[in-house]
Amino acid sequence: MTHWLEAVENRTAQVGIIGLGYVGLPLTLLFSEEKFRVTGFDIDQTKVDSLNQNRSYIHRIEPEHIRAAKKSGFHATSNFAEIAQMDAVLICVPTPLNHDHTPDMSYVTSTIEAIAPHLREGQLVVLESTTYPGTTEEIIVESINRHGAARSVQVLRAAADGETPGERNGEAGNLSGIMVAFSPEREDPGNMITPRREIPKVIGGVEARATAAAAALYGSIFTRTVPVSTPAAAEMTKLLENIYRSVNIALVNEMKQLCLKMGIDIWEVIEAASTKPFGFQAFYPGPGVGGHCIPVDPFYLNWKASQFGIQAKFIELAGEINESMPAFVVQTTARALQRRDKTLRGAKVLVLGVAYKRDVDDLRESPALGIIELLRNAGAEVAYNDPFFETVGSGRHYHLDMHSTPLERIGEFDCVVVHTDHSLYDFTEIVDQAQLVIDTRNATRAIDSNKIVHC
């Protein structure tokens, strides 16, 4: 263990990061900034080639960031045999939902199956992908042990009563096995206020040495680490964080609909409630929820809870409310058009912004995708504009094949639906040029116009 910690302290430990997306690539840069030699692994050869050619595919990660990382030894590869050279292997792959809201663990499973044959004694393996409690033990540990059985390469586990760690693992205080931990990602795309290294890192190892090793590694790039007792506790921590947000966003989404009926400005109410110095935290309504965390993570726990005979009613209700918001936006649009003696069928509708949140190039679970689909199903002629997406093709649950429409054409549309309030948008000019504006983000709050319908 002492040798491993010295390798971290001296920056001679080699770090492998699997999955070079919105979590893995920023993590790569943090380690590279601290002069670690990092190897990035991804099955998408296009990403691998882009990084090796100093090109970035994520907004706010510039080519110079990639070049700086390469000066510290970074390179990207799709060759998982290089895993054997790593001292630490961090897994940052997607964990989406199936159509029936059950966990899709295929990316985690295929990743650990691909790397397990290349793992060696003394390595640290950390899962960062958000998942249900028990995943690290049930999938990561099981796969490593199954592949390592013939080579006697097993996961280090906590010692049983009366045994020393060395007796339990057939060692004499050396790291003869593989250390495994879970440390949930806490990425917040678009957050320009909180530096990534200032976000505390929760860590739960299968046994104490894994926790200590992961804490030392992450402690070299994060200001604070938060060790917990088990991987399951760390997995549950991540879910609680996002379920808390999901439930509260659902609450204000429901309150918004009530306030609209009652002629009350929900945004004014939230602002007033926020003046209370205790017992209240502001959450804001919108057209639904997007990104990986809030629309997905609660259902992971809901699925797991059902295995224990528990119905997670708050999680289910929050999911229902948040998932209903795109339909609410479309219904509001239809009513607004009717008041102008127009129907949604045949109407030309421009969706303004398709990213799931302001100023990010991230489409994951964006409510805009559902809104566009519902508008099309209702017979509308739909276009979109987003400065971060020149085109929108196909994904796991959508097939749009659309190109961004220039803002200069706003006047051609019967209605503009404000989905994402990108800071690049001049909403005064947009309202001036538009025939009708459905505002789901309170982006036009400072504008007085009878063209605006708040939603």
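Quantities reported herein were computed from a predicted structural model and do not represent experimental measurements.

Locating Asp297 in the fold gives a position in helix H11 (residues 293–306). One buried charge, Asp297, has no salt-bridge partner; the nearest side chain with opposite charge is Lys238, at 4.7 Å. Contacts of Asp297, omitting those with residues within four sequence positions, involve Thr130, Lys238, Leu239, Asn242 and His292.

This part is about the pairing of strand E1 (residues 14–18). The two faces of the sheet receive side chains in turn, since in a regular strand these alternate between them. Taking burial as the measure, the 5 residues of E1 include 4 buried ones, the bulk of the element. Of the crossover connections in this fold, the one passing from E1 over helix H2 (residues 24–33) to the parallel strand E2 (residues 37–41) is right-handed. Examined bridge by bridge, E1 and strand E4 (residues 88–91) share 4 bridges and lie parallel to one another. Paired with Val15 across the bridge in E4 is Ala88.

Our focus in this paragraph is the pattern of salt bridges. Between side chains of opposite charge, a pair can form when the charged atoms approach closely. Inspection of the entire model under this criterion finds 20 salt bridges. Across the pair Lys357 and Asp188 runs a salt bridge whose closest N-O atoms are separated by 2.8 Å. Of this pair, Lys357 sits in the loop between strand E9 (348–352) and helix H13 (367–377) while Asp188 sits in the loop between strand E6 (179–182) and strand E7 (201–205), and the two are 169 residues apart along the sequence. A residue is classified by how much of its surface remains accessible, and Lys357, at 23% relative accessible area, is partly exposed. For Arg364, the salt bridge goes to Asp362, with nearest N and O atoms at 2.7 Å. A network of salt bridges, in which partner residues are shared, links Arg11, Glu33, Glu34 and Arg197.

Spatially, the 5 strands line up as an open sheet ordered E10-E9-E13-E14-E15, and their pairing is parallel. The sheet is open, and its two edges are formed by strand E10 (381–385) and strand E15 (452–454), each paired on a single side. Within the sheet, the average angular offset between the axes of one strand and its neighbour, ignoring direction, is 25°. Examined bridge by bridge, strand E13 (residues 415–418) and strand E14 (residues 437–439) share 3 bridges and lie parallel to one another. Note that in E14 the partner of Val417 across the bridge is Ile438. Together, E13, E14 and E15 form the strand contacts of helix H12 (residues 313–338), whose direction differs from that of E13 by roughly 150°.

Next up on the list: H2. Burial analysis of H2 places 9 of its 10 residues in the buried class, which makes it a mostly covered element. Within H2 the residues assigned to the buried category are Gly24, Leu25, Pro26, Leu27, Thr28, Leu29, Leu30, Phe31 and Ser32. Contacts from the buried residues of H2 go to E1, E2, helix H3 (45–52), helix H4 (63–71), E4 and helix H8 (208–219).

Residues Ile17, Phe31, Leu90, Leu124 and Leu217 are the most contacted members of the largest nonpolar core, which totals 40 residues. Counting residues per element, this core draws most heavily on H8, at 6 residues. The contacts of Ile17, once residues within four sequence positions are left out, are Gly24, Leu27, Thr28, Phe31, Val38, Thr39, Gly40, Phe41, Leu90 and Cys92. Among the nonpolar cores identified, the runner-up in size contains 37 residues, and Met105, Leu119, Ile144 and Leu301 belong to it.

Moving on, we get to the side chain of Thr136. Topologically, Thr136 is positioned in helix H6 (residues 135–148). Residue classification places Thr136 among the buried residues on the basis of a relative accessible area of 1%. Here the side chain of Thr136 touches Glu235 through a polar contact of 2.6 Å, side chain to side chain. When near neighbours in sequence (up to four residues on either side) are disregarded, Thr136 contacts Leu127, Val141, Val180, Ala181, Phe182, Pro231 and Glu235.

With that out of the way, let us pick up the packing of aromatic side chains. Summed over the entire model, instances satisfying the criterion amount to 8 aromatic pairs. For the ring pair Phe31 and Phe36, a centre distance of 5.5 Å and an interplane angle of 85° mean the geometry is edge-to-face. Phe36 matches Phe31 in its accessibility class, with the two residues each being buried. Residues Tyr218 and Phe222 carry aromatic rings whose centres are separated by 6.2 Å and whose planes lie at 50° to one another, so their mutual orientation is tilted.

Here helix H9 (residues 231–262) crosses H11 at 120°, and the two axes come no closer than 8 Å. Here H11 runs oblique to H9, going by the angle between their axes. The handedness of the crossing between H9 and H11 comes out as left-handed. Here Met236, Lys238, Leu239, Asn242, Ile243, Arg245, Ser246 and Ile249 of H9 lie close against H11, whose contacting residues are Cys293, Ile294, Asp297, Pro298, Tyr300 and Leu301. Of the residues belonging to the contact of H9 with H11, the class tally is 9 nonpolar, 2 polar and 3 charged.

Calculation criteria
Residues numbered from 1 in each chain as written. Predicted model: local features only at pLDDT ≥ 70, side-chain atom pairs only at ≥ 80, totals over all residues. Heavy atoms only, no water. Helix = DSSP H or I, 4+ residues; strand = E, 2+ residues; numbered from the N terminus. Buried < 20%, exposed > 50% of the residue type's maximum accessible area, 1.4 Å probe, protein only. Lys, Arg positive; Asp, Glu negative; His and termini not counted. Salt bridge = Lys/Arg side-chain N within 4 Å of Asp/Glu carboxyl O. Contact = heavy atoms within 4.5 Å. Right-handed = clockwise from strand over helix to strand, strands pointing away. Pairing = 2+ DSSP bridges. Axes fitted to C-alpha atoms, helices over the stretch in contact; angles between N-to-C directions. Core = buried A, V, L, I, M, F, W, Y, C linked by side-chain atoms within 4.5 Å. Polar contact = N/O pair within 3.5 Å; in protein donor to acceptor, adjacent residues only side chain to side chain. Phe/Tyr/Trp six-rings, centres within 6.5 Å; stacked < 30°, edge-to-face > 60°. Parallel < 35°, antiparallel > 145°, perpendicular 65-115°, else oblique. Left-handed = near helix turned anticlockwise from the far one by under 90°. Nonpolar A, V, L, I, M, F, W, Y, C, P; charged D, E, K, R; others polar.

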